[in-house]
Amino acid sequence: MPEGRHVLEGRHVLGEIAFGLLGVALVVTAALTARRFGLPAPVLLVVASAVYALLPGPTVRLEPDLVLALIIPPLLYSAALSSSLVEIRANLRAVVSLSVLLVVVTAVVTGAALVAVVPGLSFAAACALGAALAPPDAVSALSIGRRVGLPDRLRTVIEGESLFNDATALTLYTVAVAAVVDGRFDVPLVAGRFLLAVVGGLAVGLAVSWLIGQLRRRIEDPVTETTVSLATPFAAYVPAEALHASGVLAVVTAGLILGSQSRSLLSGPARLHARAVWRLVDLLLEGFVFLLIGQQLAAVIPAIGDYPRSTVAAATAVTVGAIVLVRPLWLLLPAMLPTPETPPTPETPPTPETPPTPETPPTRSRFLSPHPYLSTRELVALSWSGMRGVISLAAVFALPLSVDGTGFPHRDLLVFCAYVAVLVTLVGQGLTFGPVLHRLGVRPDLDEGRRQRARARVAAADAGLRTLAALHDRGQLPDDLILRLRTVAEERKRRSEDSLRALKRADAGRPPTASLTEAFSRVRRTMIEAERDELQLWRDTGHLSDASLRLLEDELDHEEGALPPPQLPPS
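Remember, predicted model here, so these are calculated numbers, not experimental data. (Residues numbered from 1 in each chain as written. Predicted model: local features only at pLDDT ≥ 70, side-chain atom pairs only at ≥ 80, totals over all residues. Heavy atoms only, no water.)

**Student:** I tried to follow the packing of helix H13 (residues 268–295) against helix H19 (residues 411–440) on my own but got confused; where do I start?
**Tutor:** When two helices pack together, their arrangement is given by the angle between the helix axes and by the axis-to-axis distance. Viewed as axis vectors pointing N to C, H13 and H19 meet at an angle of 130 degrees, and their least axial separation amounts to 11 Å. Comparing the axis directions of H13 and H19 gives the class oblique. In this structure, the crossing between H13 and H19 has a hand that is left-handed. Residues Phe 290, Ile 293 and Gly 294 of H13 touch H19, and the partners they reach there are Tyr 419, Val 422 and Leu 426. The residue inventory of the contact of H13 with H19, partitioned by class, reads five nonpolar, one polar and no charged. (Axes fitted to C-alpha atoms, helices over the stretch in contact; angles between N-to-C directions. Helix = DSSP H or I, 4+ residues; strand = E, 2+ residues; numbered from the N terminus. Parallel < 35°, antiparallel > 145°, perpendicular 65-115°, else oblique. Left-handed = near helix turned anticlockwise from the far one by under 90°. Contact = heavy atoms within 4.5 Å. Nonpolar A, V, L, I, M, F, W, Y, C, P; charged D, E, K, R; others polar.)

**Student:** Just to check I follow, could you spell out the environment of Val 103 for this structure?
**Tutor:** Residue placement: Val 103 occurs in helix H5 (residues 92–117). Val 103 sits in the buried class, given a relative accessible area of 1%. Put simply, Val 103 and Gly 130 are 27 residues apart on the chain and 8.8 Å apart in space, counted from C-alpha to C-alpha. Look past the residues within four positions of Val 103 in its chain and what remains in contact with it is Leu 98, Ala 134, Asn 165, Thr 168, Ala 169 and Leu 172. (Buried < 20%, exposed > 50% of the residue type's maximum accessible area, 1.4 Å probe, protein only.)

**Student:** Before we go on, may I ask you to explain the packing of aromatic side chains in this structure?
**Tutor:** To describe a pair of aromatic rings, you give the distance between the ring centres and the angle between the ring planes. Tallied over the full model, the rule gives two aromatic pairs. Each ring, one from Phe 19 and one from Tyr 52, has its centre 6.2 Å from the other, and the planes form 40 degrees; the classification is tilted. Placement of Phe 19 in helix H1 (residues 2–37) and of Tyr 52 in helix H2 (residues 41–53) is noted, with a sequence separation of 33 residues between them. Note on Phe 19: relative accessible area 25%, which makes it partly exposed. Note on Tyr 52: relative accessible area 23%, which makes it partly exposed. For the pair Tyr 77 and Trp 278, a centre-to-centre distance of 5.6 Å together with 50 degrees between the ring planes defines the contact as tilted. Of this pair, Tyr 77 sits in helix H3 (residues 64–82) while Trp 278 is found in helix H13, placing the two residues 201 residues apart along the sequence. Take Tyr 77 and Trp 278: they sit in the same class, and that class is buried. Just above the ring of Phe 520 sits the side chain of Arg 495; from NZ or CZ to the centre is 4.3 Å. (Phe/Tyr/Trp six-rings, centres within 6.5 Å; stacked < 30°, edge-to-face > 60°. Lys NZ or Arg CZ within 6 Å of the ring centre and 35° of its normal.)

**Student:** Looking at this structure, I do not really get the layout of surface pockets. What am I missing?
**Tutor:** The probe, sized like a water molecule, is rolled over the atoms to show the empty space still left. Computed from the structure, the second largest pocket encloses a volume of approximately 690 Å³. Along the wall of the second largest pocket there are 24 residues; nearest its centre are Leu 170, Thr 171, Thr 174, Glu 241 and Ala 245. Put simply, the parts of the chain that give the lining of the second largest pocket at least two residues each are H3, helix H8 (152–182), helix H9 (187–216), helix H10 (222–242) and helix H11 (247–260). A total of eight residues in the lining of the second largest pocket trace back to one element, the largest contributor, which is H8. (1 Å grid on protein atoms, 1.4 Å probe; cavity = no way out; pocket = protein on both sides within 12 Å on 5 of 7 lines; lining within 4 Å. Points joined across faces, edges and corners; volume = space filled by probe spheres on them.)

**Student:** Explain H2 here, please?
**Tutor:** Because an α-helix completes one turn every 3.6 residues, residues spaced three or four positions apart along the sequence face the same direction. With 13 residues, H2 ought to run about 18 Å at 1.5 Å a step, and its terminal C-alpha atoms sit 18 Å apart, in line with that. Buried residues of H2: Ala 41, Pro 42, Val 43, Leu 45, Val 46, Ser 49, Ala 50 and Ala 53, and no others. (Expected span 1.5 Å × (residues − 1).)

**Student:** Explanation requested: the confidence of the model for the protein in the structure shown.
**Tutor:** Detailed reading of the predicted coordinates is not advisable wherever pLDDT is low. On average, residues of the protein score 82 in pLDDT, and 85% of them are at 70 or above. Note on residues 341–367: pLDDT under 50 across the span, and 19 contacts to partners over four residues away in sequence or across chains. (pLDDT = per-residue confidence, 0-100.)

**Student:** Mind showing me how you'd approach the side chain of Arg 411 here?
**Tutor:** Assignment of secondary structure puts Arg 411 in helix H19. Here Arg 411 occupies a buried position and makes no salt bridge, while the nearest side chain of opposite charge, Asp 412, is found at 4.4 Å. If sequence neighbours within four positions are ignored, Arg 411 has contacts with Tyr 307, Val 396, Phe 397, Leu 399, Pro 400 and Leu 401. (Lys, Arg positive; Asp, Glu negative; His and termini not counted. Salt bridge = Lys/Arg side-chain N within 4 Å of Asp/Glu carboxyl O.)

**Student:** Mind showing me how you'd approach the environment of Glu 497 here?
**Tutor:** Along the chain, Glu 497 turns up in helix H21 (residues 479–507). Residues Glu 497 and Arg 451, 46 residues apart in the sequence, show an inter-C-alpha distance of 9.8 Å.

**Student:** Would you explain a nonpolar patch on the surface in this entry?
**Tutor:** On the surface, Val 24, Val 28, Leu 32, Leu 280, Leu 283 and Leu 284 cluster together to form a nonpolar patch covering roughly 490 Å² of accessible area. Of all the secondary structure elements, the ones that give two or more residues to the nonpolar patch are H1 and H13. With respect to the helices and strands, the residue Val 24 is situated in helix H1. (Patch = residues over 30% accessible without salt bridge, like charges linked within 9 Å, V, L, I, M, F, W, Y side chains within 5 Å. Areas by Shrake-Rupley, 256 points an atom, 1.4 Å probe, with all protein chains shown as cover.)

**Student:** In this structure, what is going on with the pattern of salt bridges? I would like to understand it.
**Tutor:** In a structure, side chains of opposite charge can pair up when their charged atoms sit close to one another. A full pass over the atoms with the stated rule returns 13 salt bridges. One salt bridge connects Glu 87 with Arg 155, and the closest N-O pair in it is separated by 3.6 Å. Highlighted residues: Glu 87 in helix H4 (residues 85–90) and Arg 155 in helix H8, separated in sequence by 68 residues. Ionic pairing is found between Glu 559 and Arg 524, a salt bridge with its closest N-O pair at 2.7 Å. Remark: Arg 524 occurs in helix H22 (residues 516–540) and Glu 559 occurs in helix H23 (residues 546–562); sequence separation between them is 35 residues. By relative accessible area, Glu 559 is classed as partly exposed at 32%. Overall, Arg 524 belongs to the buried group, its relative accessible area being 11%.

Written as structure tokens, this is what we have:
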């Protein structure tokens, strides 16, 4: 009997492994399909998973505690690491407006609309759903935003909002659920708990970032440093939640600070290693999150069978309508308000020394607008970036099953409304976000990015040459070594200056020509392939060991990775 049980358990484990491999295959297939046809991978995964959920076979049930504690922290931490603390601080007004004020307004409006159409639903329970659905999902927004391409200013606002809005929403959600359990909605108590959660989350994030920074300064091995990096989001989340503070805010705070200090904390090899590992983590966890959303379809539909169809339709309509409409109204209303007349100012033609001043909204709009320097087109694009995701579902699935021995009021209906809202925004807005940006003409200035990087490379090469000259003056290095190092730095500087000349030629309206930098990169890649083939031949003929081959391949891989990426032909 024990033997039979052991065999059955072994088969069960193998079945789970096979199920996991199927999920990985779907993630990889969605990534390849998205790249090939220009479709958003999150939408493909959600649709494929939802179709599978309706078929006979095993499904994965969303476990809220597991999602919030095991999946969300590393995803938010990775996003925070790659975000710019300087740019978020420069756009702090917009980030606060969207991640705090808009979240509160959306939660209240959604709650009030639901109370109006669902008999017997308390405002606290409706606000719990509104708070869960208020924040656009960081995973969804950033995943789709990276694919479609966003201007730097717009990308920074979306990143900042997506990183901080979850802390606001989950705190409101917790307080609303507590109000349902206690039977009263105390506004001062809500404000006090919210303030404590924010301050506690910031404090824990600051403390963890300092401790991890001290630890990293004493580590030199890239693999060990990456291991510490993978553990950091949980080191911030767990103590914050134990102190009843915002674990999400602690994770984001630690990620932003450590990301801004990576230059002093990590060596070059450690940075390369950590980035590669985090890209893999993002791919797998993001894919799993979207598969998990689709898998819940089979569980949500049967649960609302006892509700009148009219109630379900009305509740779903007002929920989706509130979260879809409040955002554009919040962003666009200030630009539509009448503004006082201002006397015209004489225009001064721009010169190279005095570039044209960016157009800004009039005084009243600038005072009320969440971001005074975003154009109307950018505000429209921002209003369509409100995809909801797994955090909203996890919060709603975490609603208690019962309150004082009776069921949580209208829990099944609230879960269904949340699921439909997530599907509509993720699939609907996810599929149309790219076309909306294209129709509005909102796109990143790729040439400006290339120009900025080329100028920075020239400045960095000049700094290296000055340091080399100082070492030469001190007589610390032999002349032949100085000559070799100067040649390398001057060649790097020359390639960057060549890129700047090519960009200036394009700005002048002259036909673009392939720069020497592009030709250098293309030919050097061809040479590297030939070098790899020769090393492989040496290994195959017994003149080179596998260990030495791997070391030499690493050298070539790093050199190839440092080359500018191939330029895509214009579409």
